[in-house]
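Listed below, chain by chain, are the residues.
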Amino acid sequence: GQQVMQIPQYQHVQEGEDFTTYCNSSTTLSNIQWYKQRPGGHPVFLIQLVKSGEVKKQKRLTFQFGEAKKNSSLHITATQTTDVGTYFCARTLSGGYNKLIFGAGTRLAVHP
Amino acid sequence: NAGVTQTPKFRILKIGQSMTLQCTQDMNHNYMYWYRQDPGMGLKLIYYSVGAGITDKGEVPNGYNVSRSTTEDFPLRLELAAPSQTSVYFCASSYRQQNTEAFFGQGTRLTVV
């Protein structure tokens, strides 16, 4: 269906280690969005990927969209304690109007 | 700009009670949404609106109602609250164009006991 699967569900790393979360779909995606939610907070938009094979960077964060547009990843280099939170990927529901289907998220804990 | 503002932040309801979660945005967005987030889960779409006077169901609409009388406001009504509606509710809005980001409110944490 239109669900997106995210792995892992949870990861804890030592500060300075890298982190990657993956988002997979059984169907071709028109786009994928990534959001970050700090503990007790609300989702905040990070980025959107639209093109096959697209790679975008935001400082230590690297976002990739697969060639087949069925998967995406978010990689954080040298994690910091400020990276703590849950990272969600989301796809747009068919029918337009920017309705989103969210993955279950990957919760990142960073130990100093 | 305040962005998307939700009230209340927290609420405890008894089974069978009703309440309205308020949401207002000052960004002149046409599209507005209500999502719920259960513990350890992603967000699920309850209802959405593409403009004043136009609303439609999302993935999990049962037990909820919405209205959109103005561009700014999109309240969510819970009738006959049930424990299954214990969740965090997020209101969001976006511009009227395809594939654009959603702006979320701070959320309302609701417990039904």
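The structure this text deals with has already been given above.
Residues numbered from 1 in each chain as written. Chains lettered and ligands numbered in written order. Predicted model: local features only at pLDDT ≥ 70, side-chain atom pairs only at ≥ 80, totals over all residues. Heavy atoms only, no water.

Undergrad: Even after reading the chapter, I still don't get the overall build of chain A, so can you show me in this structure?
TA: For chain A, the count of helices and strands is zero helices and eleven strands. Going from N to C terminus, chain A has its helices and strands arranged as β-β-β-β-β-β-β-β-β-β-β. In terms of C-alpha radius of gyration, chain A reaches 13 Å, essentially the compact-globule figure of 13 Å for 112 residues. With the principal axes as the frame, chain A shows a C-alpha extent of 45 × 30 × 20 Å. Buried positions account for 51% of the 112 residues belonging to chain A. For chain A, contacts bridging at least 24 residues in sequence account for 54% of all contacts bridging at least 6. Counting 12 positive and 6 negative side-chain charges, chain A places the averaged centre of each group 11 Å from the other. (Helix = DSSP H or I, 4+ residues; strand = E, 2+ residues; numbered from the N terminus. Rg over C-alpha atoms; globule rule 2.2 N^0.38 Å. Buried < 20%, exposed > 50% of the residue type's maximum accessible area, 1.4 Å probe, protein only. Contact = heavy atoms within 4.5 Å. Lys, Arg positive; Asp, Glu negative; His and termini not counted. Charge placed at Lys NZ, Arg CZ, Asp CG, Glu CD.)

Undergrad: Would you mind going over the state of the cysteines with me for this structure?
TA: Here is the idea: a disulfide is a covalent bond, and it sits between the sulfur atoms of two cysteines. On inspection of all chains with the given rule, the structure shows two disulfides over all chains. One disulfide in the model links C23 of chain A with C89 of chain A; its S-S distance is 2.0 Å. Here C23 of chain A and C89 of chain A share a disulfide; its torsion about the S-S bond, 75 degrees, makes the bridge right-handed. In this pair, C23 of chain A is assigned in strand 3 (residues 19–24) and C89 of chain A in strand 9 (residues 85–92), connecting sequence segments 66 residues apart. A sulfur-sulfur separation of 1.9 Å characterises the disulfide bridge that pairs C23 of chain B with C91 of chain B. Between C23 of chain B and C91 of chain B, the disulfide has an S-S torsion of -70 degrees and is therefore left-handed. Of this pair, C23 of chain B sits in strand 3 (residues 19–25) while C91 of chain B sits in strand 9 (residues 87–94), placing them 68 residues apart in sequence. The pair formed by C23 of chain B and C91 of chain B is uniform in burial state, with each residue classed as buried. (Disulfide = S-S within 2.5 Å.)

Undergrad: Help me understand the sheet that holds strand 1 (residues 5–7) of chain A, please; the structure alone is not making it clear to me.
TA: The pairing of strands in a sheet happens through backbone hydrogen bonds and is either parallel or antiparallel. Residue and element names in this part refer to chain A. Strand order in the open sheet made by the five strands is 1-3-8-7-6, with antiparallel pairing throughout. The open sheet terminates on both sides in strands that have one partner only, identified here as strand 1 and strand 6 (55–58). Pairs of neighbouring strands in the sheet enclose a mean axial angle of 15 degrees, with direction left out of account. Alignment of strand 7 (residues 61–65) against strand 8 (residues 71–76), held across five bridges, turns out to be antiparallel. If you follow T62 over to strand 8, its bridge partner there is H75. (Pairing = 2+ DSSP bridges. Axes fitted to C-alpha atoms, helices over the stretch in contact; angles between N-to-C directions.)

Undergrad: Can you walk me through the interface of chain A and chain B in this structure?
TA: A common way to express how large an interface is: the accessible area buried when the components associate. With 23 residues of chain A in contact, the opposing surface of chain B contributes 24 residues. Both sides together, the interface formed by chain A and chain B hides about 1900 Å², and carbon and sulfur atoms give 53% of it. Of all residues in chain A, H42, Y97 and N98 of chain A bury the most surface against chain B, accounting for 32% of the area lost on that side. Applying the counting criterion to the chain A and chain B interface returns zero salt bridges. In this structure, the connection of chain A to chain B is made through ten residue pairs in polar contact (both at pLDDT 80 or more). Those elements giving two or more residues to the side of chain A that touches chain B turn out to be strand 4 (32–37), strand 5 (44–49), strand 9 and strand 10 (100–102) of chain A. Along the lines of polarity and charge, the residues of the side of chain A that touches chain B split into ten nonpolar, twelve polar and one charged. (Buried area = accessible area lost by both parts, 1.4 Å probe. Salt bridge = Lys/Arg side-chain N within 4 Å of Asp/Glu carboxyl O. Polar contact = N/O pair within 3.5 Å; in protein donor to acceptor, adjacent residues only side chain to side chain. Nonpolar A, V, L, I, M, F, W, Y, C, P; charged D, E, K, R; others polar.)

Undergrad: Looking at this structure, how should I read the packing of aromatic side chains?
TA: Working definition: an aromatic ring pair is given by the centre-to-centre distance plus the angle between the planes. Residues and elements named next belong to chain B. Tallied over the full model, the rule gives 14 aromatic pairs over all chains. Plain terms: the ring middles of Y95 and F103 are 6.5 Å apart, the flat faces sit at 85 degrees to each other, and that makes the pair edge-to-face. Look at Y95 and you get partly exposed, because its relative accessible area is 42%. Judged by relative accessible area, F103 falls into the partly exposed class, the value being 26%. (Phe/Tyr/Trp six-rings, centres within 6.5 Å; stacked < 30°, edge-to-face > 60°.)

Undergrad: How should I be thinking about unusual backbone geometry in this particular structure?
TA: Peptide bonds are, in most cases, trans, and in most cases residues other than glycine have a negative phi. A cis amide bond links I7 of chain A with the next residue in sequence, P8 of chain A, at an omega value of -5 degrees. Backbone torsion omega between T7 of chain B and P8 of chain B reads -5 degrees, so that peptide bond is classified as cis. Along the chain, P8 of chain B turns up in the loop between strand 1 (4–7) and strand 2 (10–13). We note that Y97 of chain A has phi near 65 degrees; this positive angle belongs to a residue other than glycine. By the element assignment, Y97 of chain A lies in the loop between strand 9 and strand 10. Positive phi, close to 60 degrees, is recorded for N28 of chain B, a residue that is not glycine. Relative to the assigned elements, N28 of chain B resides in the loop between strand 3 and strand 4 (31–37). Taking the relative accessible area as the measure of exposure, N28 of chain B reaches 57% and is therefore exposed.

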